[in-house]
Amino acid sequence: MGSLKFDENVCATCPSADCLIKCQYMDFEEDEAHNEMMKIVKGLDSRVLHDCVTCYACEEYCRRGNHPFYLIGERREEKGIYTASRAITNQWINLTQMQGKPMVGTVKDKALSSCFIPDLGALGSGELFKEVFPAVTFGAEFMCPAVHTHFAKMSVVKERLPKVMENFKKLGVKEVICLHDECYGTYTSIAQAYGMEVPFKPVYYMDFLLTRLKELKDRIIPLNIKAAYQRPCSNRLIPHKHRLVQEIMDYIGVDMPGRKYQGENSLCCAEIIRSVAGYKLADDIQGRNIDDMLEAGAEYCVFNCPACQSSLSEKVSKKGLKPVHIIDLCKMAVGEKGREG
Ligand code: SF4
Ligand code: SF4
């Protein structure tokens, strides 16, 4: 089982403690933020271990290559400071248990990973995914275990991740195209942070999508719509990939008007926060987020993660926004789907 590579000196000499200063769910003065982080580094108790709502964002806020969120999860588990009730935590562990029933299409050099999310199977289809659609993998055997970080069950992540990667290795694939940010974040951030070797090349689906759009450029009819983007928590593990959203939107003629909760300040969909911090905070986050989309003049709410989409679709629809996954938006632009998605 890998162990977290965390450099104490990098935190000790950190001039900013941005990880906690920028946290949207706890307030700190600069000295206090640094002191609290050093308490966590040294294995002492800290209010962060009790109040962090697991939004993942400090993984992006730390520009010095340390992994504050993974460390918070490690320290919570060591001390038994879990984020949710035992019933909820165990429900996630049980729901995602490997069953020995992997679903594998016609896989050769490449696999198209649908993680353990049925909706991704339908999204990864059509002209855009023509080349790789038959190579789909689905099921707990191919599910990245990052969700358990929300519940400070880092031991489950460390136990399952090598098995998931071994399952892909057994297929003999060289590349795994990840349709879920959580998977790409797991193979490129968590695996590295724990010193685990990844036996294939992870490919981010938005890179794949942009390449395909360029290949199909003659078919693209600009959509000429205004949209707000719902950035998922797992994109915080791969912040360098966030720019692809703007590039794809530009390519298909989607205007993303500026808004308060975008980029580093994005708010998560809040459904996991509902489990770990309660209804009041989750409802407040969702309300502020949707109001912000409306104030920006968006007509569509564009999703990246199907879990965010199922959490927020009905709520944004009730406010007059059209919910759509970014892949479906691309399918609309190449004429494979109607405007309403
Ligand atoms: S985790 Fe990163 S941002 Fe936070 S104190 Fe350490 S080095 Fe600084
Ligand atoms: S995961 Fe989110 S809530 Fe927790 S400390 Fe990091 S930024 Fe704050």
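All values reported here derive from a predicted model rather than from experimental measurement.

In the vicinity of ligand 1, the residues found are Val-10, Cys-11, Cys-14, Ala-17, Asp-18, Cys-19, Met-37, Cys-62, Arg-64, Asn-66 and Pro-68. For the shell around ligand 1, the class distribution of residues is eight nonpolar, one polar and two charged.

Domain boundaries assigned for the protein chain yield domain 1 (8-79), domain 2 (93-207) and domain 3 (216-333). Distance between the C-alpha centres of domain 2 and domain 3: 23 Å. Elements supplying a minimum of two residues to the side of domain 2 that touches domain 3: helix 8 (118-123), helix 10 (181-193) and helix 11 (205-215). The dominant element in the side of domain 2 that touches domain 3, judged by the number of residues it contributes, is helix 10, at six residues. Residue composition of the side of domain 2 that touches domain 3, by class: eight nonpolar, six polar and five charged.

With that out of the way, let us pick up the site of ligand 2. Around ligand 2, the surrounding shell consists of Cys-23, Tyr-25, Met-26, Val-48, Cys-52, Val-53, Thr-54, Cys-55, Tyr-56, Ala-57, Cys-58 and Phe-69. Grouping the constituent residues of the shell around ligand 2 by class yields eleven nonpolar, one polar and no charged.

The next thing to look at is helix 9 (residues 154-171). Taking 1.5 Å per residue, 18 residues should reach 26 Å; helix 9 reaches 26 Å between its end C-alpha atoms and fits that length. At Arg-160, helix 9 is deflected by roughly 25 degrees, the largest bend along its length, and proline Pro-162 occurs up to four residues later in sequence. Listed as buried for helix 9 are Met-154, Val-156, Val-157, Arg-160, Leu-161, Val-164, Met-165 and Phe-168. Directly after helix 9, the chain includes Gly-172, whose backbone phi takes a positive value near 80 degrees.

Moving on, we get to the pairing of strand 2 (residues 110-113). The sheet contact formed by strand 2 and strand 4 (residues 175-178) spans four bridges and is parallel. Pairing of Lys-110 across the sheet is with Glu-175, part of strand 4. Two strands pair when backbone bridges link them, and strand 2 and strand 3 (residues 136-138) are joined in this way by two bridges, in the parallel orientation. Residue Leu-112 lies in a different strand from strand 3, and its bridge partner there is Val-136. In this view, the connection linking strand 2 to its parallel neighbour strand 3 by way of helix 8 has right-handed handedness.

Another point: the sheet that holds strand 4. Taken in spatial order, the five strands line up as 1-3-2-4-5 in an open sheet, and their pairing is mixed. Only two strands of the sheet have a single partner each, and these edge strands are strand 1 (103-104) and strand 5 (201-204). Relative to strand 5, helix 11 is tilted by about 60 degrees, and along the sheet it contacts strand 4 and strand 5.

What follows concerns the packing of helix 11 against helix 12 (residues 243-251). Contact geometry of helix 11 with helix 12 gives a least axis separation of 10 Å together with a crossing angle of 20 degrees. One element, helix 11, and the other, helix 12, form an angle in the roughly parallel class. In terms of crossing hand, the pair formed by helix 11 and helix 12 is left-handed. The segment helix 11 lies against helix 12, with Met-206, Asp-207, Leu-209, Leu-210 and Leu-213 engaging Leu-244, Glu-247, Ile-248 and Tyr-251. Its residues placed into classes, the contact of helix 11 with helix 12 shows seven nonpolar, no polar and two charged.

Strand order in the open sheet formed by four strands is 7-6-8-9, with parallel pairing between adjacent strands. In this open sheet, the two edge strands, each paired with only one partner strand, are strand 7 (254-255) and strand 9 (322-325). Bridging between strand 6 (residues 225-230) and strand 7 involves two bridges; their strand directions are parallel. Counted as the bridge partner of Lys-226 is Asp-255 from strand 7.

Inspection of helix 11 places Tyr-205, Met-206, Phe-208 and Leu-209 among the buried residues, and these make up the whole buried set. With its buried residues spanning 155 degrees around the axis, helix 11 presents them on a single face. In helix 11, the exposed positions that point more than 90 degrees away from the buried face belong to Thr-211, Lys-214 and Glu-215. In this structure, the buried side of helix 11 is in contact with strand 4, strand 5, helix 12 and helix 16 (326-333).

Basis of the calculations
Residues numbered from 1 in each chain as written. Chains lettered and ligands numbered in written order. Predicted model: local features only at pLDDT ≥ 70, side-chain atom pairs only at ≥ 80, totals over all residues. Near = placed C-beta within 6 Å. Nonpolar A, V, L, I, M, F, W, Y, C, P; charged D, E, K, R; others polar. Domains from an automatic or database assignment. Helix = DSSP H or I, 4+ residues; strand = E, 2+ residues; numbered from the N terminus. Expected span 1.5 Å × (residues − 1). Bend = angle between axes of the 7 residues up to and from the residue. Buried ≥ 20, exposed ≤ 12 C-beta atoms within 10 Å, placed from the backbone. Pairing = 2+ DSSP bridges. Right-handed = clockwise from strand over helix to strand, strands pointing away. Contact = placed C-beta atoms within 7 Å. Axes fitted to C-alpha atoms, helices over the stretch in contact; angles between N-to-C directions. Parallel < 35°, antiparallel > 145°, perpendicular 65-115°, else oblique. Left-handed = near helix turned anticlockwise from the far one by under 90°. Arc of directions from axis to C-beta.

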